[in-house]
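What follows is each chain in one-letter form.
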Amino acid sequence: MAVDIGGLIAIIVFYIVILAIGIWAARKTGFRAKNLKIDDSMLANRSLGYVVGVFTITATWVGGGYINGSAEAVAHSGLVWCQAPLGFGISLLIGGVFFADKMRNSGFTTMLDPFHWKFGNLMSCLLYLPAVTGDIFWTGAILGALGATLKVILDINLETAIIISAAISVMYTLIGGLYSVAYTDVIQLIFIFIGLWLCVPFSMTHEATMDITKDSDDRWVGKLTSMEFGLYMDYALLLIFGGIPWQVYWQRALAAKTVRVAQVLSVVGAFGCVFMAVPAVLMGAVAASTSKVLFMYIRTDLFCQRLVRFDGKPAITSDDSTLTLPLVMKHLCPTAVSFIGLGAVSAAVMSSTDSSILSSSSMFSRNVFCVIYALFKGKKPSETVQVWVMRAAQIVIGTLACILAIEVKSVYNLFVMCGDLVYVLLFPQLVCVFYIRQSNGYGSLLGFILGAFFRFIGGDSELHIDAVIKFPWYASGAQRFPYRTLAMLISMFSIISVSFLTHYIFHSGILPLKYDSYGCFQHLRKKTDAPSTEAENKKSDPAIKSLDNYPPGKLSDETYQTQF
């Protein structure tokens, strides 16, 4: 099968348009500017308004994995198991209502800033691990899906498609930061909307397609048994609450002009996420309900030239389930329409790739590099240095994602595990840092350790990790008990209980302040050591020293108690 020249030209034109818009938007930052500013590169100078903001915050979740995964879930498990659209929509609502004002009013730059400010250097670096791992594996997974999509529809080389797509995303993100990411999101979301909805009527009216309303088996609806209810709720809560502590969302909320804008964008983006999933869900239903021989194609991911048929039983073999959406586009739509649909998938993947790369590199520069630099230099680096470190990190993260997309076949399952860790480890920390006044670094550290421990002893059937503890309803090598939620609650309880305990014993004098090795309570010396000055207190308190002038608009303990 030869490369489809027409489709190849179409995808090249699309990439050129995206790159041109990204470079055009980068003029506001200035790649060679001497006095680079963090707010410009990471947060678009906190200038996002309603129009661009709605597009870019919706694109936070409407990416390649989102639309491909929604179609796959409906085709293979049924609509009832397609939880991501509603789950992520609710997560945006909760983030906008309960967290956006606190995060935005505080002048923070990244999602990890409040952890750094409240819990100290160690926890800031530890909490970066689940965040960056999730971003890298997610980016690798969607780049791999894009490469497979281009291979199916255009028959072009898998590695070439992955490398070029990643390189273009990194290029305009490197030059323009959030400005480029936000403005390209506008075009990418338009492509997704037009491309997917254009494919819907053709796929639903194809001669080989059964009317989904007349599918007597309701295969596209799916079933939920009583034994699966615990697992179902576990995933639902993971998507809802685990969808909040992601830098890709907070980068946009923090870049909004005002708190009000951040809240409105979150609410509108919630409905946008659900709406943008509708065409993918419909095409997944078409794939599940078709009773005739629909897909006959040559396997390309394993290069073994094996024919695989879709005959209305399980829609596609499990090995190729992630290709549900591109296969519907290729076999049920006219060639020209399938090319436009391919543009939609490419746009979705690039909108996810650039966001993940920018978010991880921002947190590394701001919350990891600054800590290491301060340990050796005794002061934080200049904003120009931080921006260049962020740009270097973008290249490294983009390269790692490419390698994963090319070499690792089970990368999506690894991302699922990282999504678990974001839910188990980051969400309880986020709640405590804003809503539990007495929370401190001791509670945060123990909560992190226990949360990770109880998550891993539950095992993971997808990753072939055996369970150490078999919770109720365990069957066929898989946990059906909501053990992820249990691990999250254990983590949150540990943070709260240990924080209250240490707060009590140090404030009451049961333990002298000399045993406060992490420096959480050294500010109490101001009350007990009258001769000491404020400057001496800062010098003796590593937590206060590390947060001097950090972040912009740094909050004092008194402000924290008043505001939170």
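See above for the structure.
**A short note on the packing of helix α5 (residues 84-105) against helix α11 (residues 259-289)**
α11 packs onto α5 with a crossing angle of 175° between their chain directions and a minimal axis gap of 8 Å. The orientation of α5 with respect to α11, classified from their angle, is roughly antiparallel. Contact residues: Pro85, Leu86, Gly89, Leu92, Leu93, Gly96, Ala100, Asp101, Arg104 and Asn105 in α5; Val259, Ala262, Gln263, Ser266, Val267, Gly269, Ala270, Cys273, Val274 and Ala277 in α11. Split by residue class, the contact of α5 with α11 holds 12 nonpolar, 6 polar and 2 charged.

**A look at the packing of aromatic side chains**
Aromatic ring pairs: the centre-centre distance and the angle between the two ring planes describe each pair. Tallied over the entire structure, the rule returns 24 aromatic pairs. Taking 4.2 Å as the distance between ring centres and 0° as the angle between the ring planes, the aromatic pair formed by tryptophan 61 and phenylalanine 88 counts as stacked. Remark: phenylalanine 88 occurs in helix α5 and tryptophan 61 occurs in the loop between α3 (50-58) and α4 (64-76); sequence separation between them is 27 residues. Here tryptophan 61 matches phenylalanine 88 in class, with each residue buried. Look at tyrosine 128 and phenylalanine 364: their rings are 6.3 Å apart centre to centre, the planes differ by 45°, and that puts the pair in the tilted class. Here tyrosine 128 is found in helix α7 (residues 121-154), whereas its partner phenylalanine 364 is found in helix α13 (residues 335-377), with 236 residues between them in sequence. Given a relative accessible area of 28%, phenylalanine 364 falls into the partly exposed group. Among the aromatic residues, those joined into a cluster by ring pairs are Trp61, Tyr66, Phe88 and Trp246.

**Section: the environment of arginine 260**
Along the chain, the position of arginine 260 falls in helix α11. Among the residues examined, arginine 260 registers a relative accessible area of 57% and is labelled exposed. Through-space distance from the C-alpha of arginine 260 to that of aspartate 101 is 7.9 Å; in sequence the pair is 159 residues apart.

**Section: the environment of tryptophan 220**
Checked against the element boundaries, tryptophan 220 lands in the loop between α8 (158-204) and α9 (229-242). Residues tryptophan 220 and valine 80, spaced 140 residues apart in sequence, show a C-alpha to C-alpha distance of 8.7 Å.

**Examining α4**
Across its 13 residues, α4 extends 18 Å between first and last C-alpha, which sits within 8% of the 18 Å expected from 1.5 Å per residue. The complete set of buried residues in α4 reads Gly64, Tyr66, Ile67, Asn68, Ser70, Ala71, Ala73, Val74 and Ala75. Positive phi shows up at glycine 78, right after α4, with a value of about 105°.

**Description of the side chain of asparagine 440**
Note on placement: asparagine 440 falls in the loop between α15 (411-435) and α16 (441-457). Of the residues examined, asparagine 440 reaches a relative accessible area of 4% and is grouped as buried. A polar side-chain atom of asparagine 440 sits 3.0 Å from the main-chain amide nitrogen of tyrosine 442. For asparagine 440, the contacting residues outside a window of four places in its chain are Phe119, Ser499, Thr502, His503, Cys520 and Phe521.

**Concerning unusual backbone geometry**
If you check the backbone angles, arginine 46 has positive phi at about 50° while not being a glycine. Residue arginine 46 is classed as buried on the basis of its relative accessible area, which comes to 13%. For tryptophan 473, which is not glycine, the phi torsion reads 70° and is therefore positive. By the secondary structure assignment, tryptophan 473 is in the loop between α16 and α17 (483-507).

**Some remarks on a nonpolar patch on the surface**
A cluster of nonpolar side chains, contributed by Ile190, Phe193, Ile194, Leu198, Phe202, Phe275, Val278 and Ile340, occupies part of the molecular surface with about 630 Å² of accessible area. Contributions of two or more residues to the nonpolar patch are made by α8 and α11. Per-element tally for the nonpolar patch: the top contributor is α8, with 5 residues. Its place among the elements puts valine 278 in helix α11.

**Description of the packing of α8 against α11**
Between α8 and α11, the least distance of the axes is 9 Å, while the angle of their chain directions is 30°. By the angle class used here, α8 and α11 are roughly parallel. Seen along the crossing, α8 lies across α11 with a hand that is left-handed. Across from Leu189, Ile192, Phe193, Leu196, Trp197, Cys199, Val200, Ser203 and Met204 in α8, the residues of α11 making contact are Phe275, Met276, Val278, Pro279, Leu282, Met283 and Val286. Taken together, the residues of the contact of α8 with α11 break down into 15 nonpolar, 1 polar and no charged.

**A word on helix α1 (residues 5-25)**
With 21 residues, α1 extends 30 Å from end C-alpha to end C-alpha; this agrees with the ideal 30 Å at 1.5 Å per step. Gly7, Ile11, Phe14, Tyr15, Ile18, Ile21, Gly22 and Ala25 are the residues of α1 that are buried. Buried residues of α1, viewed axially, fall in a sector of 125°; they line one side. With respect to the buried face of α1, the exposed residues turned more than 90 degrees away are Ile5 and Ile16.

**Topic: the pattern of salt bridges**
Counted by the stated rule, this structure contains 5 salt bridges. With a shortest N-O distance of 3.3 Å, aspartate 39 and arginine 46 are connected by a salt bridge. In this structure, arginine 252 engages aspartate 185 in a salt bridge whose closest nitrogen and oxygen atoms are separated by 3.1 Å. Placement of arginine 252 in helix α10 (residues 247-255) and of aspartate 185 in helix α8 is noted, with a sequence separation of 67 residues between them. The buried category is assigned to aspartate 185, whose relative accessible area is 0%.

How each quantity is defined
Residues numbered from 1 in each chain as written. Predicted model: local features only at pLDDT ≥ 70, side-chain atom pairs only at ≥ 80, totals over all residues. Heavy atoms only, no water. Axes fitted to C-alpha atoms, helices over the stretch in contact; angles between N-to-C directions. Helix = DSSP H or I, 4+ residues; strand = E, 2+ residues; numbered from the N terminus. Parallel < 35°, antiparallel > 145°, perpendicular 65-115°, else oblique. Contact = heavy atoms within 4.5 Å. Nonpolar A, V, L, I, M, F, W, Y, C, P; charged D, E, K, R; others polar. Phe/Tyr/Trp six-rings, centres within 6.5 Å; stacked < 30°, edge-to-face > 60°. Buried < 20%, exposed > 50% of the residue type's maximum accessible area, 1.4 Å probe, protein only. Expected span 1.5 Å × (residues − 1). Polar contact = N/O pair within 3.5 Å; in protein donor to acceptor, adjacent residues only side chain to side chain. Patch = residues over 30% accessible without salt bridge, like charges linked within 9 Å, V, L, I, M, F, W, Y side chains within 5 Å. Areas by Shrake-Rupley, 256 points an atom, 1.4 Å probe, with all protein chains shown as cover. Salt bridge = Lys/Arg side-chain N within 4 Å of Asp/Glu carboxyl O. Left-handed = near helix turned anticlockwise from the far one by under 90°. Arc of directions from axis to C-beta.

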